[in-house]
Amino acid sequence: MTDTTDASHATDAAGTAAATAAGAAGDVAAATDTAGAAGAPLIPRPPRPGDASRADELAALYPVLHAPQYWTWGRYDAQFSTVLPPDELVTNIHLVGFTDGDRVVLCRDDRNHWFLPGGTREHNESVDSCLVRELREEAGARLLGDPVWLGAHRCVTDDPVPYRPWQPHPEKAWLWGWADVAVDSVPTNPDDGEQVVEVRAVEPDEARRLLLNGHEAWWGELIALAVELRSRPR
């Protein structure tokens, strides 16, 4: 189930797409060790030497994505980094899913909001189980390989209580990744989640255009980062 106050649906700070930098030096995939065994954790090991310099390099290439943000819907101060958070801070997982070559999978809900599939982690749910569940619920999709984590927004809120009782508070993290997927069924649309009315696979430029209609400009750079890193050998 997706957090109904999900940043993927935030409409308070819609912006125009920032110009995307051409090329990214260094592969964020090298900053993660995703597990191949079923049920093994997908959150990475502690940072290695060189991770910080890679993060600085990508921050310079994608400045809008890395700029400090304030998400008014949850009263969050948010900051993106390609240095990944510890597992216990991750409450939300979202995916840039590629299918039919380089097309990006987007979902549209009954409020006419376009968003990337993903959502809120349930109590005691692993990151990989959450991602598999959310893809099925919102996009009727399944993973064709391990996800590659792009980075995360580290968030701090001044709300007095967490969104869910079991979530870390006041700090938590939103994890972003990419993976190849197959859209081979229909969204299951559980009653307590978004009601998805359309799933569409579009070219990356069109994905940026649809997401930026009601979202902040950093969404364009997030898609560009996923496209760039997917094109590099891992």
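Read on for an overview of the structure. (Residues numbered from 1 in each chain as written. Predicted model: local features only at pLDDT ≥ 70, side-chain atom pairs only at ≥ 80, totals over all residues. Heavy atoms only, no water.)

## A few points about the overall build of the protein chain
Link 1 in the chain: Of the regular secondary structure elements, the protein chain holds 5 helices and 10 strands.
Link 2 in the chain: In the protein chain, buried positions account for 52% of the 234 residues.
Link 3 in the chain: In the protein chain, the share of contacts with a sequence separation of at least 24, taken over all contacts with a separation of at least 6, comes to 76%.
Link 4 in the chain: Accessible surface, the protein chain as shown: approximately 9800 Å² in total, 53% of it carbon and sulfur. (Helix = DSSP H or I, 4+ residues; strand = E, 2+ residues; numbered from the N terminus. Buried < 20%, exposed > 50% of the residue type's maximum accessible area, 1.4 Å probe, protein only. Contact = heavy atoms within 4.5 Å. Areas by Shrake-Rupley, 256 points an atom, 1.4 Å probe, with all protein chains shown as cover.)

## Overview of the pairing of strand S4 (residues 103–109)
Taken residue by residue, a regular strand's side chains alternate between the two faces of the sheet.
Link 1 in the chain: Of all 7 residues in S4, 5 are buried; the element is thus mostly enclosed.
Link 2 in the chain: Bridging between strand S3 (residues 90–99) and S4 involves 2 bridges; their strand directions are antiparallel. When the sheet's bridge partners are listed, Phe98 is paired in S4 with Val104.
Link 3 in the chain: Pairing between S4 and strand S10 (residues 196–202): 6 bridges, direction antiparallel. In the sheet register, Cys107 faces S10, and the bridge partner there is Val199. (Pairing = 2+ DSSP bridges.)

## Section: helix H1 (residues 51–61)
Link 1 in the chain: Taken together, the buried positions of H1 are Asp51, Arg54, Ala55 and Leu58. When H1 is viewed along its axis, its buried side chains cluster within an angular range of 100° and face the same direction. Of the exposed residues in H1, the ones pointing more than 90 degrees away from its buried face are Ala52, Asp56 and Ala60.
Link 2 in the chain: Looking at the buried residues of H1, the elements they touch are helix H2 (63–66) and helix H5 (218–230). (Arc of directions from axis to C-beta.)

## Notes on the nonpolar core
Link 1 in the chain: Counting 32 residues, the largest nonpolar core has Val96, Leu106, Leu116 and Leu222 as the members making the most contacts within it.
Link 2 in the chain: Listing elements by their share of this core, those giving two or more residues are strand S2 (76–81), S3, S4, strand S8 (148–157), strand S9 (171–183), helix H4 (204–211) and H5.
Link 3 in the chain: Examining the composition of this core, we find that 8 residues originate from one element, H5, more than from any other.
Link 4 in the chain: Setting aside residues no more than four positions away along its own chain, Val96 makes contact with Val104, Leu116, Leu150, Gly177, Trp178, Ala179, Ile223 and Ala226. (Core = buried A, V, L, I, M, F, W, Y, C linked by side-chain atoms within 4.5 Å.)

## Considering the packing of H4 against H5
Link 1 in the chain: The geometry of H4 relative to H5 is characterised by a closest axis approach of 9 Å and an angle of 155° between their N-to-C directions. Here H4 lies roughly antiparallel to H5, going by the angle between them. For H4 against H5, the interelement crossing comes out right-handed. Residues Pro204, Arg208 and Leu211 of H4 pack against Trp219, Gly220, Ile223, Ala224 and Val227 of H5.
Link 2 in the chain: Residues of the contact of H4 with H5, tallied by class, amount to 6 nonpolar, 1 polar and 1 charged. (Axes fitted to C-alpha atoms, helices over the stretch in contact; angles between N-to-C directions. Parallel < 35°, antiparallel > 145°, perpendicular 65-115°, else oblique. Left-handed = near helix turned anticlockwise from the far one by under 90°. Nonpolar A, V, L, I, M, F, W, Y, C, P; charged D, E, K, R; others polar.)

## Topic: the pairing of S3
Link 1 in the chain: Within S3, 10 of the 10 residues are buried, leaving the element largely enclosed by the surrounding structure.
Link 2 in the chain: Note: S3 against S9, 8 bridges, orientation parallel. Looking across to S9, one finds that Gly97 is bridged to Ala179.
Link 3 in the chain: Here 3 bridges tie S3 to strand S6 (residues 118–120), and the two strands are oriented antiparallel to one another. Pairing of His94 across the sheet is with Gly118, part of S6.
Link 4 in the chain: Between S3 and S4, which follow one another and run antiparallel, lie 3 residues, and Asp100 among them has a positive phi close to 50°.

## Side note on the environment of Lys172
Link 1 in the chain: Inspection of the secondary structure assignment puts Lys172 in strand S9.
Link 2 in the chain: Residue classification places Lys172 among the buried residues on the basis of a relative accessible area of 2%.
Link 3 in the chain: A sequence separation of 85 residues divides Lys172 from Asp87, and the C-alpha atoms of the two residues are 10.0 Å apart.
Link 4 in the chain: Engagement of the side chain of Lys172 in a polar contact is seen with the side chain of Tyr76, the distance being 2.9 Å. (Polar contact = N/O pair within 3.5 Å; in protein donor to acceptor, adjacent residues only side chain to side chain.)

## Re unusual backbone geometry
Link 1 in the chain: Each neighbour pair has its own omega, and for His169 with Pro170 the value is 10°, a cis peptide bond.
Link 2 in the chain: Along the chain, Pro170 turns up in the loop between S8 and S9.
Link 3 in the chain: A positive phi angle, close to 45°, is found at Asn189, a residue other than glycine.
Link 4 in the chain: Residue position: Asn189 is located in the loop between S9 and S10.

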